[in-house]
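Secondary and tertiary structure notes
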Amino acid sequence: MSEEDLVYVCVSDPVDINPDLFCLWAQGFTPKECLEKMKEQSMSDIDMRGMVSQRQLHRLFQCIEKDITDQFRVFSMLEPSFRRPSLRAFRLQPIDERVEMHLAEIYFSIEDK
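The rules we used
- Numbering of residues starts from 1 in each chain and follows the order in which that chain's sequence is written.
- Local features in this predicted model are restricted to residues of pLDDT 70 or higher, and side-chain atom pairs are both shown and tallied only at a pLDDT of 80 or more, whereas totals for entire chains, interfaces and linings draw on every residue.
- Heavy atoms throughout the structure, all of them, feed into the side-chain values; hydrogens and water do not.
- To qualify as a nonpolar core, a set must consist of buried Ala, Val, Leu, Ile, Met, Phe, Trp, Tyr and Cys residues joined through side-chain atoms within 4.5 Å.
- Accessibility here uses a 1.4 Å probe with only protein chains present; expressed as a share of the type maximum, an area under 20% marks a residue as buried, one over 50% as exposed, and anything in between as partly exposed.
- Helix numbers and strand numbers start at the N terminus; a helix is a DSSP run of H or I with at least 4 residues, a strand a run of E with at least 2.
- Axis angles are defined between N-to-C directions and span 0 to 180 degrees, where every axis is a line fitted to C-alpha atoms and, for a helix, only to the segment in contact.
- In these notes the angle categories are as follows: under 35 degrees is roughly parallel, over 145 is roughly antiparallel, 65 to 115 is roughly perpendicular, and the rest is oblique.
- Here is the rule for handedness: rotate from the far helix to the near one, and if that takes an anticlockwise turn smaller than a right angle the crossing is left-handed, while a clockwise turn gives right-handed.
- It only takes one pair of heavy atoms within 4.5 Å for two residues to be counted as in contact.
- Residues are grouped as follows: Ala, Val, Leu, Ile, Met, Phe, Trp, Tyr, Cys and Pro are nonpolar; Asp, Glu, Lys and Arg are charged; every other residue, Gly included, is polar.
- Per residue, pLDDT measures the predictor's confidence, with a range of 0 to 100.
- Two aromatic rings from Phe, Tyr or Trp, using only the six-membered ring of Trp, form a pair when their centres are within 6.5 Å; if the ring planes differ by under 30 degrees the pair is stacked, by over 60 it is edge-to-face, and anything between is tilted.
- Charge-over-ring contacts are defined here by two conditions on Lys NZ or Arg CZ: a distance within 6 Å of the ring centre and an angle within 35 degrees of the ring normal.

It is worth spelling out the nonpolar core at this point. Judged by nonpolar contacts, the single largest core of 18 residues is most densely connected at Leu21, Phe22, Phe72, Phe75 and Phe82. Within the residue set of this core, elements represented by two or more residues are helix 1 (19-26), helix 2 (31-45), helix 3 (54-83) and helix 4 (97-111). No other element matches helix 3, which puts 6 residues into this core.

Right, here's the structure in full:
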(Lines give C-alpha, C1' and ligand atoms only; values in the text may rest on other atoms or scores of the structure.)
Protein backbone atom coordinates (compact mmCIF):
# COMPACT_ATOMS: atom_id res chain seq x y z
CA MET A 1 0.00 0.00 0.00
CA SER A 2 1.55 3.32 -1.03
CA GLU A 3 1.14 6.55 0.89
CA GLU A 4 -1.32 7.73 -1.77
CA ASP A 5 -3.59 4.80 -0.92
CA LEU A 6 -3.59 5.55 2.79
CA VAL A 7 -6.95 6.62 4.18
CA TYR A 8 -7.31 8.37 7.51
CA VAL A 9 -10.47 8.01 9.53
CA CYS A 10 -11.16 10.44 12.33
CA VAL A 11 -14.29 10.12 14.42
CA SER A 12 -14.76 13.07 16.71
CA ASP A 13 -16.92 15.87 17.85
CA PRO A 14 -16.82 18.87 15.56
CA VAL A 15 -13.20 19.90 15.19
CA ASP A 16 -12.28 23.32 16.54
CA ILE A 17 -9.24 24.43 14.55
CA ASN A 18 -6.91 27.07 15.95
CA PRO A 19 -5.73 29.03 12.84
CA ASP A 20 -2.71 30.47 14.68
CA LEU A 21 -1.61 26.99 15.69
CA PHE A 22 -2.19 25.78 12.14
CA CYS A 23 0.15 28.50 10.84
CA LEU A 24 2.85 27.40 13.28
CA TRP A 25 2.38 23.76 12.22
CA ALA A 26 2.59 24.71 8.53
CA GLN A 27 5.81 26.63 9.26
CA GLY A 28 7.34 23.48 10.75
CA PHE A 29 7.13 24.22 14.48
CA THR A 30 6.97 21.21 16.80
CA PRO A 31 4.22 20.82 19.43
CA LYS A 32 6.78 21.55 22.15
CA GLU A 33 7.89 24.78 20.43
CA CYS A 34 4.25 25.84 20.08
CA LEU A 35 3.65 25.16 23.77
CA GLU A 36 6.64 27.33 24.69
CA LYS A 37 5.33 30.15 22.48
CA MET A 38 1.88 29.87 24.06
CA LYS A 39 3.37 29.83 27.56
CA GLU A 40 5.39 32.96 26.83
CA GLN A 41 2.39 34.71 25.33
CA SER A 42 0.01 33.82 28.15
CA MET A 43 2.50 34.78 30.83
CA SER A 44 3.16 38.15 29.18
CA ASP A 45 -0.52 38.85 28.45
CA ILE A 46 -1.66 38.18 32.00
CA ASP A 47 0.25 38.50 35.23
CA MET A 48 -0.68 35.09 36.60
CA ARG A 49 1.62 35.18 39.59
CA GLY A 50 -0.42 35.18 42.74
CA MET A 51 -3.62 34.38 40.84
CA VAL A 52 -3.02 30.66 40.49
CA SER A 53 -0.70 28.16 42.07
CA GLN A 54 2.24 26.56 40.28
CA ARG A 55 0.34 23.29 40.35
CA GLN A 56 -2.66 24.87 38.62
CA LEU A 57 -0.40 26.43 35.99
CA HIS A 58 1.28 23.07 35.42
CA ARG A 59 -2.12 21.39 34.90
CA LEU A 60 -3.24 24.18 32.59
CA PHE A 61 -0.14 23.81 30.43
CA GLN A 62 -0.56 20.02 30.38
CA CYS A 63 -4.07 20.50 28.96
CA ILE A 64 -2.79 22.99 26.40
CA GLU A 65 -0.01 20.58 25.40
CA LYS A 66 -2.54 17.78 24.85
CA ASP A 67 -4.71 20.10 22.77
CA ILE A 68 -1.71 21.11 20.64
CA THR A 69 -0.82 17.45 20.08
CA ASP A 70 -4.42 16.68 19.07
CA GLN A 71 -4.52 19.66 16.72
CA PHE A 72 -1.24 18.59 15.09
CA ARG A 73 -2.68 15.12 14.57
CA VAL A 74 -5.73 16.62 12.81
CA PHE A 75 -3.52 18.88 10.68
CA SER A 76 -1.47 15.86 9.58
CA MET A 77 -4.64 14.02 8.61
CA LEU A 78 -5.87 17.03 6.61
CA GLU A 79 -2.61 17.57 4.74
CA PRO A 80 -3.22 14.93 2.01
CA SER A 81 -6.55 16.58 1.14
CA PHE A 82 -4.76 19.90 0.57
CA ARG A 83 -2.47 18.23 -1.96
CA ARG A 84 -5.23 16.16 -3.58
CA PRO A 85 -8.56 18.02 -3.35
CA SER A 86 -10.36 15.01 -4.85
CA LEU A 87 -9.88 13.26 -1.49
CA ARG A 88 -12.26 15.73 0.16
CA ALA A 89 -15.15 14.42 -1.91
CA PHE A 90 -15.00 10.99 -0.29
CA ARG A 91 -15.28 11.83 3.36
CA LEU A 92 -17.69 13.25 5.85
CA GLN A 93 -16.17 16.25 7.48
CA PRO A 94 -16.66 17.61 10.95
CA ILE A 95 -14.91 20.75 9.60
CA ASP A 96 -16.78 23.49 7.80
CA GLU A 97 -15.77 23.63 4.12
CA ARG A 98 -14.95 27.36 4.32
CA VAL A 99 -12.61 26.72 7.25
CA GLU A 100 -10.89 23.91 5.38
CA MET A 101 -10.42 26.11 2.30
CA HIS A 102 -8.95 28.86 4.49
CA LEU A 103 -6.52 26.35 6.00
CA ALA A 104 -5.51 25.22 2.51
CA GLU A 105 -4.82 28.86 1.54
CA ILE A 106 -2.62 29.29 4.63
CA TYR A 107 -0.86 25.99 3.94
CA PHE A 108 0.06 26.86 0.38
CA SER A 109 0.94 30.50 1.10
CA ILE A 110 3.50 29.35 3.67
CA GLU A 111 4.76 26.54 1.45
CA ASP A 112 5.30 28.94 -1.46
CA LYS A 113 7.63 31.18 0.56
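Turning our attention to the packing of helix 1 against helix 3. At their nearest, the axes of helix 1 and helix 3 sit 10 Å apart, and the two run at 65° to each other. One way to sum up the angle between helix 1 and helix 3 is to call them roughly perpendicular. Crossing of helix 1 over helix 3 shows right-handed handedness. For the pair helix 1 and helix 3, contact is made by Leu21, Phe22 and Trp25 and by Ile68, Gln71, Phe72, Phe75, Ser76, Glu79 and Phe82, respectively. Of the residues belonging to the contact of helix 1 with helix 3, the class tally is 7 nonpolar, 2 polar and 1 charged.

What follows is about the confidence of the model for the chain. Confidence in the prediction of the chain, expressed as mean pLDDT, is 76, and 65% of residues score 70 or more. Taken element by element, the chain is modelled with least confidence in helix 4, mean pLDDT 77, and with most confidence in helix 1, mean pLDDT 90.

Time to look at the environment of cysteine 34. For cysteine 34, the location among the structural elements is in helix 2. Since its relative accessible area comes to 0%, cysteine 34 is described here as buried. Remark: the alpha-carbon pair of cysteine 34 and isoleucine 64, spanning 30 residues in sequence, is separated by 9.9 Å. With near-sequence residues (within four places) excluded, cysteine 34 lies in contact with Leu21, Leu24, Phe29, Ile68 and Phe72.

Scanning the entire structure with this criterion turns up 6 aromatic pairs. Both rings, one in phenylalanine 22 and one in tryptophan 25, keep their centres 5.4 Å apart while their planes meet at 40°; by these two values the pair is tilted. Of this pair, phenylalanine 22 and tryptophan 25 both sit in helix 1, 3 residues apart, which is roughly one turn of the helix. With a relative accessible area of 0%, phenylalanine 22 lands in the buried category. Seen from their ring centres, tryptophan 25 and tyrosine 107 are 6.1 Å apart, and the 25° between their planes marks the pair as stacked. Highlighted residues: tryptophan 25 in helix 1 and tyrosine 107 in helix 4, separated in sequence by 82 residues. Relative accessible area serves as the criterion here: at 13%, tryptophan 25 is assigned to the buried category. Connected via pairs of aromatic rings, a cluster forms that spans Phe22, Trp25, Phe72, Phe75, Tyr107 and Phe108. Lysine 39 extends its terminal NZ or CZ atom over the ring of phenylalanine 61, reaching a point 5.3 Å from the ring centre.

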